[in-house]
Amino acid sequence: MAHMWILLCFLTGTSYAAEVCFDELGCFADLPPWGGTPQRPAAVLPWRPEEIGTRFLLFTPMNRYYQEIDTDQSVAISNYSGKRKTRFIIPGYLKNGDEDWPQEMCKVMLKWQNVNCIAVEWKKGVAAPYAQAANNARVVAARVASMITFLMVRTQTADKFHIIGHSIGAHAAGDVGSRIAGLARITGLDPIEPYFQDTDASVSLDTSDAAFVDVIHTDALPFNSKLGLGMTQSVGHIDFYPNGGELMPGCSANKGKPTDLDAFWEGTKKFDACNHVQAYKYYSESMIKSQGFLGFPCSDKDSFAAGKCFPCADNTCPLMGYNSDRFPMTDGISKTKYFLNTGSSTPFGRYSYKVMVTLEGPSWSNLGVMHVALAGAADSTQEHKLHVGAITPGKTYEKMIDAEVDVGEVTEVKFRWNNHIINILKPKYGASKVELQRGKDKKMYIKKVDTAMSCRPSATCSKTIGLVV
């Protein structure tokens, strides 16, 4: 495709400003808010489209491998259908060895949805110094907007398009929304902070970019002090903060100096972006097991961790990820943050319960460890530690449990305790009462129990009983 590149320079005070124009894509300047601001100190023009190398890789239910399309006859001879909804996936940070994750997400999506899924590739444009990549994303956004405009000629309307963007790609998705009015949805997967947080609305993703904007934050520690790549501030109609939004299970804290951002971005210096990339992994799984990503409304992560926001009130808990657009918002924009926990590896989804066990036994306390496990018609959980230390009869022990499987309706609770030390008195401890509350709907399971568990004198002695509830 031929492009005309025009460079215009004009004096502004003591510095020069510049602008480039590319055929139907329009013009791009390095003036504020795009450059020369406290948030975007470097004034950088984007590369030419040919240098960025944006590609559109189409996946549909009709083709197992992608078909490359563009704003030309390639669409007509592809399996693209204007009768299906269309989803674009725009990557940002590319983790070494996982550069093609948008294609894999399309494949997962098509197992469950009859859609056109287009993986946007711009590997050459993103593998640049960070400020350059941030500005190259503007041209990527213009290319996606041009493609959508081209596709809309084929009987589709803007409300049939959903754009999913990760990292810089989340803000590119927002840029597309500022160019195409009426997009159905934009999903921001850990929108990146440097050069985008606290900027003008035209620069970063915000709620004006689509009818519904949902955001997942997984690396939201401040960049300048903690090297968190993701934005801290809420920018969507609904914002999710899994695991508090800052440090994901299975990931370590980001290490390095903010001045090394270019080296991290280009891959010339080692950087573990585990927290940043978890956002798209959670989203992919949410297409398969949506109920494992229930978000609880809460003021902050500490209140959530303390169990103050459990359980869900009526219809107040949306599903993070693919099905978040099903959540009804009466005011149009949720002013509440949503929190949830995940696992450290796949499957990431968790199912929340509060378990309360009241003990019976001898009048004295005994050192030990208590565990509980849940079972239902669908599955059984692993054991979860309820308490470590002095076990006191008559006391109720409470624990929030994030179960790794969906057991369905709970039919059994298993309670087990272990002695820490040999006790010649052979104490018998048991659960006189078990109360279980399900997080998603406040449902209570209550059972009084008559039988205690006996334990022989051994440092690790234990028995297990099942409780029908």
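Given the structure is predicted, the values throughout are model-derived calculations rather than measurements.

Draft legend 1. Representation of the side chain of Arg-138 within the structure. Mapped onto the elements, Arg-138 comes out in helix α4 (residues 130-152). Here Arg-138 sits buried without a salt bridge, and the closest side chain of opposite charge, Asp-175, lies 5.4 Å off (N-O distance). Within the local environment of Arg-138, its side chain forms a polar contact with the backbone oxygen of Ala-29, the two atoms lying 3.1 Å apart. At 3.0 Å, the side chain of Arg-138 and the side chain of Asn-135 are in polar contact. Ignoring sequence-local partners within four residues, the contact set of Arg-138 consists of Phe-28, Ala-29, Trp-34, Val-44, Pro-46, Asp-175 and Arg-179.

Draft legend 2. Molecular detail of the packing of α4 against helix α5 (residues 168-179). Following both chains from N to C, one finds α4 and α5 inclined at 40°, their axes separated by 8 Å at the closest point. Between α4 and α5, the angle is such that the two are oblique. Considering only the axes of α4 and α5, their crossing is right-handed. Between α4, through Tyr-130, Ala-133, Ala-134, Ala-137, Arg-138, Ala-141, Ala-142, Val-144, Ala-145 and Ile-148, and α5, the contact on the second element is made entirely by Ile-168, Ala-172, Asp-175, Val-176 and Arg-179. For the contact of α4 with α5, the per-class residue count stands at 12 nonpolar, no polar and three charged.

Draft legend 3. Here's a closer look at the state of the cysteines. A full pass over the atoms with the stated rule returns five disulfides. Between the sulfur atoms of Cys-251 and its disulfide partner Cys-274 the distance amounts to 1.9 Å. Here Cys-251 and Cys-274 share a disulfide; its torsion about the S-S bond, -60°, makes the bridge left-handed. Of this pair, Cys-251 sits in the loop between β11 (238-242) and α7 (261-266) while Cys-274 sits in helix α8 (residues 274-286), and the two are 23 residues apart along the sequence. The same class applies to Cys-251 as to Cys-274, namely buried.

Draft legend 4. Representation of the pattern of salt bridges. For the structure shown, the criterion picks out 18 salt bridges. With a closest N to O distance of 3.8 Å, Glu-51 and Arg-48 form a salt bridge. The class for Glu-51 is partly exposed, based on a relative accessible area of 34%. Arg-48 gets classed as partly exposed once you look at its relative accessible area, which sits at 30%. Among the salt bridges present, the one from Lys-301 reaches Asp-302, with a minimum N-O distance of 3.6 Å. The exposure class of Lys-301 is partly exposed, given its relative accessible area of 33%. By relative accessible area, Asp-302 is classed as exposed at 52%. Several salt bridges share partner residues, and in doing so they unite Arg-55, Glu-68, Asp-100, Glu-121 and Lys-123 into one network.

Draft legend 5. Spatial organisation of the packing of helix α2 (residues 101-110) against α8. At a closest axis distance of 10 Å, the pairing of α2 and α8 adopts a crossing angle of 15°. In this view, α2 runs roughly parallel relative to α8, as classed from their interaxial angle. As α2 packs across α8, the resulting crossing turns out to be left-handed. Between α2 and α8, the residues in contact are Trp-101, Met-105 and Val-108 and Tyr-280, Tyr-283 and Ser-284, respectively. For the contact of α2 with α8, a count of residues per class yields five nonpolar, one polar and no charged.

What counts, and at which threshold
Residues numbered from 1 in each chain as written. Predicted model: local features only at pLDDT ≥ 70, side-chain atom pairs only at ≥ 80, totals over all residues. Heavy atoms only, no water. Helix = DSSP H or I, 4+ residues; strand = E, 2+ residues; numbered from the N terminus. Buried < 20%, exposed > 50% of the residue type's maximum accessible area, 1.4 Å probe, protein only. Lys, Arg positive; Asp, Glu negative; His and termini not counted. Salt bridge = Lys/Arg side-chain N within 4 Å of Asp/Glu carboxyl O. Polar contact = N/O pair within 3.5 Å; in protein donor to acceptor, adjacent residues only side chain to side chain. Contact = heavy atoms within 4.5 Å. Axes fitted to C-alpha atoms, helices over the stretch in contact; angles between N-to-C directions. Parallel < 35°, antiparallel > 145°, perpendicular 65-115°, else oblique. Left-handed = near helix turned anticlockwise from the far one by under 90°. Nonpolar A, V, L, I, M, F, W, Y, C, P; charged D, E, K, R; others polar. Disulfide = S-S within 2.5 Å.

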